[in-house]
Amino acid sequence: MDSAARRDGGPDIRETDREALSARARVGLWVVLVAIAAFTLADLKLVQHGLRSMLLVRVVQLALIGAASLALRVRMSERLRVASTVAFVSGIYVTSAIAGSLRGGMSTQPITDLAIAFATATTLPWGPWPQLASVTVAVLAIALGDYAVHGTLAGTSPHMAAGLGVAFLVSVYIAHQLARYRRERDAAEAAVRRNEERFRSLIERGSDVITILDAEGVIRYESPSIERRLGHRAEDLLGARASRYVHPEDLRAVTAAFGRALDGQAVSVECRAARRDGSWCDVEAVFTNLLDHPAVGGIVVNWRDIGERKRAEEERARYVHELARARDQALASTRAKSMFLANMSHEVRTPMNVIIGMTDMVLDTDLGSEQRANLERVRAAAIGLLAIINDILDASKIEAGKLTIEAVDMDLRRTLVEAAGLLVPAARAKGLSLTCVIEPDVPAQVKGDPVRVRQTLVNLVGNAVKFTDRGAITVEARVLRRASSHVVVRVSVMDTGIGIPPERQAGLFESFAQGDDSTTRVYGGTGLGLAICRQLVTLMGGHMGLESQPGRGSTFWFELTMSTTGADAVAA
């Protein structure tokens, strides 16, 4: 408790006791001094023999008083000070008993000692043990004095002895209870001081400023932290109207908030407060009505500087605006590009088809072996370039929303077989087997877009042929779910090729994505094929996925929900 009080910054409890002990001891010394002076005058009249001895006793008592007075002026520990006080009180007990024996009568001594015992118990903050030590000396002094006068203790009344013992013990108990009360009181005072210091530190060093207004809007309290925020000293604002420090344009809003606070509402308002240098500070103030609170008795305004926050919000709003403008410009540019490519589809494809057609015509003529080889390379390059152009144009049309998905009568089984058959020569050229397995329950007649189904399957099988060096490629179609009006069909393309690492699979269906960084250099391609396939499947109301393990091949699949009745056309 004492260390806590020291950490709290308040006065030490023992220091308080020491000061109280010294003050009361000084008063007691003067009382004892006056009493001894009176006793000395009485001794001159009453004592006919042994006057010198009596005066010697009084001199000793005066010496005790002088020593105690000097001890009060010396800085010493609490324990030593209490011990010296016990010694002084005990000396008074002993010398008083000696004085009584010299007078030849001890009848008044117990009353005098009891008066001293109760006085020390109630006035000196020294606790039960010093009190017990001093009254023990008093009892012994009374007994020895009585023995010195009468030569025996047999004449002492047992009731008197018991009464004196109980009275002295009661003084010890009183000292104990008062000491406990003082400890509890000092602990409570220390806790109050700690709390006051804590809240004072929070108010003085906190970021928020606390202002208390009366019902008229006059400042009755201002926390010291206002000097850090606005430059005003807290004491300079007391008694002034708070409206003097509010920006004129914000005064109406602040007055309305103050009025609602008077009605018992908790109100928050943003305004500008005047700094000492004449500038304005953006603040947020919260009004709380504590007029009826006995310890406050006012409208409490908690407010803080929100200048940094407002500047950050303005900067963020400006950044978001610029970002939105840049996004709109990018989208407009992308749409323009997509629209241009979509509109130029025929113009771009036509020259390539002419080049391929004219090359085929020349190849039908008589050519030398070297000329034929060169033209075949030109034809292969043109066909590859046309495929790339078709992929780019399809992607652009999808992005521009110009691609139309049809829902017409189609033979699904025939479409799948024909699409797979287109890649048989390429598979055989690499020594691969290509098989198409269609489960018997797959319907033939459905409603769908045969062109886009064929395009998707050809792209998937073409990729399988490209990335498979040995083994087999299997196209499989089966029904997942069937209903009276539609059927859900899954088409899978399984290969034994290089496979795809797990970390690459998530982005494989994005535009210009490849299985790894070296794929384009080794196998060629733009990385648009899978992205277009997935977009086509999505436009047809289905979804697409893959399963793959590096070195063990891949399975690409797509699921389509195809109607078995009616006909429709859907624009994407």
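Criteria and thresholds
Residues numbered from 1 in each chain as written. Predicted model: local features only at pLDDT ≥ 70, side-chain atom pairs only at ≥ 80, totals over all residues. Heavy atoms only, no water. Helix = DSSP H or I, 4+ residues; strand = E, 2+ residues; numbered from the N terminus. Buried < 20%, exposed > 50% of the residue type's maximum accessible area, 1.4 Å probe, protein only. Contact = heavy atoms within 4.5 Å. Areas by Shrake-Rupley, 256 points an atom, 1.4 Å probe, with all protein chains shown as cover. Salt bridge = Lys/Arg side-chain N within 4 Å of Asp/Glu carboxyl O. Pairing = 2+ DSSP bridges. Axes fitted to C-alpha atoms, helices over the stretch in contact; angles between N-to-C directions. Parallel < 35°, antiparallel > 145°, perpendicular 65-115°, else oblique. Nonpolar A, V, L, I, M, F, W, Y, C, P; charged D, E, K, R; others polar. Expected span 1.5 Å × (residues − 1). Polar contact = N/O pair within 3.5 Å; in protein donor to acceptor, adjacent residues only side chain to side chain. Phe/Tyr/Trp six-rings, centres within 6.5 Å; stacked < 30°, edge-to-face > 60°. Lys NZ or Arg CZ within 6 Å of the ring centre and 35° of its normal.

1. Considerations on the overall build of the protein chain
Along its length, the protein chain carries 19 helices and 13 strands. Among the 572 residues that make up the protein chain, the fraction classed as buried is 37%. The contacts of the protein chain with a sequence gap of at least 6 include a subset with a gap of at least 24, amounting to 65%. Put simply, the protein chain shows about 32,300 Å² of open surface, and 59% of that area lies on carbon and sulfur atoms.

2. Some details on the pattern of salt bridges
Scanning the entire structure with this criterion turns up 20 salt bridges. When the shortest N-O distance is used, the salt bridge between Arg233 and Glu235 registers 3.7 Å. Between Glu313 and Arg309 there is a salt bridge whose closest N-O contact spans 3.7 Å. On the criterion of helical spacing, the pair formed by Glu313 and Arg309 is a turn pair, its members being 4 residues apart in helix H11 (residues 307-343). Connected via shared salt-bridge partners are Glu270, Glu284, Arg309 and Glu313.

3. What about the pairing of strand E12 (residues 553-563)?
Most of E12 is tucked away, with 9 of its 11 residues classed as buried. Both strand E10 (residues 486-495) and E12 contribute to a ladder of 9 bridges, which runs antiparallel. Note that in E12 the partner of Met494 across the bridge is Thr555. Here 7 bridges tie strand E11 (residues 543-549) to E12, and the two strands are oriented antiparallel to one another. Its bridge partner being in E12, Met544 is matched across the sheet by Phe558. In sequence, E11 turns back onto E12 through a hairpin of 3 residues, with Gly551 there showing a positive phi of about 80 degrees.

4. Quick look at the packing of helix H5 (residues 109-123) against helix H6 (residues 128-150)
Packing of H5 against H6 leaves a shortest axis separation of 11 Å and a crossing angle of 175 degrees. Between H5 and H6, the angle is such that the two are roughly antiparallel. Contacts between H5 and H6 involve Gln109, Pro110, Asp113, Ala117, Thr120 and Ala121 from the first element and Gln131, Val135, Ala138 and Ile142 from the second. Residues of the contact of H5 with H6, tallied by class, amount to 6 nonpolar, 3 polar and 1 charged.

5. Side note on helix H16 (residues 450-466)
Here H16 spans 24 Å end to end across 17 residues, near enough to the 24 Å set by a 1.5 Å rise per residue. Sitting at the amino-terminal end of H16 is Asp449, which places a side-chain oxygen 3.2 Å from the backbone nitrogen of Val451.

6. Some details on the packing of aromatic side chains
Each pair of aromatic rings is reported with the distance of its centres and the angle of its planes. Summed over all chains, the structure comprises 1 aromatic pair. Look at Phe258 and Phe287: their rings are 6.4 Å apart centre to centre, the planes differ by 75 degrees, and that puts the pair in the edge-to-face class. One end of the pair, Phe258, is in helix H10 (residues 251-262); the other, Phe287, is in strand E4 (residues 280-290), with 29 residues separating them in the sequence. We note that Phe258, like Phe287, is buried. The cationic tip of Arg490 hangs over the ring face of Trp557; the distance from NZ or CZ to the ring centre is 4.0 Å.

7. Let's talk about the sheet that holds strand E5 (residues 298-305)
The antiparallel open sheet is built from 5 strands, whose spatial order is E2-E1-E5-E4-E3. For this open sheet the edge positions go to strand E2 (219-222) and strand E3 (267-274), each flanked by a neighbour on one side alone. Neighbouring strand axes in the sheet, compared pairwise and without regard to direction, differ in orientation by 30 degrees on average. The pairing of strand E1 (residues 209-213) with E5 spans 5 bridges and is antiparallel. Note on E5: the bridge partner recorded for Ile210 is Asn302.

8. Thoughts on the side chain of Arg490
Mapped onto the elements of the fold, Arg490 is located in strand E10. Take Arg490: its relative accessible area is 16%, and that puts it in the buried class. A distance of 2.6 Å separates the side chain of Arg490 from the side chain of Glu559, its partner in a polar contact.

9. Side note on the side chain of Asp250
Within the element layout of this structure, Asp250 appears in the loop between helix H9 (234-237) and H10. Classification of Asp250 by relative accessible area gives buried; the value is 13%. There is a polar contact of 2.9 Å between the side chain of Asp250 and the side chain of Arg272. Other than its neighbours up to four places away in sequence, Asp250 contacts Cys271 and Arg272.

10. Considering the environment of Ser223
Among the secondary structure elements, Ser223 is positioned in the loop between E2 and helix H8 (226-230). Given a relative accessible area of 0%, Ser223 falls into the buried group.

11. Describing the packing of helix H3 (residues 51-73) against helix H4 (residues 78-103)
Packed helices, taken two at a time, are described by the angle between their axes plus the distance between the axes. One can describe the packing of H3 onto H4 by two numbers: an axis separation of 10 Å at closest approach and a directional angle of 170 degrees. Considering their axes alone, H3 and H4 lie roughly antiparallel with respect to each other. Across from Ser53, Met54, Val57, Arg58, Val60, Gln61, Leu64, Ile65, Ala68, Ala71 and Leu72 in H3, the residues of H4 making contact are Arg81, Phe88, Gly91, Ile92, Thr95, Ser96, Ile98, Ala99, Leu102 and Arg103. Of the residues contributing to the contact of H3 with H4, the split by class is 13 nonpolar, 5 polar and 3 charged.

Functional significance is not addressed by these values, which are geometric in nature.
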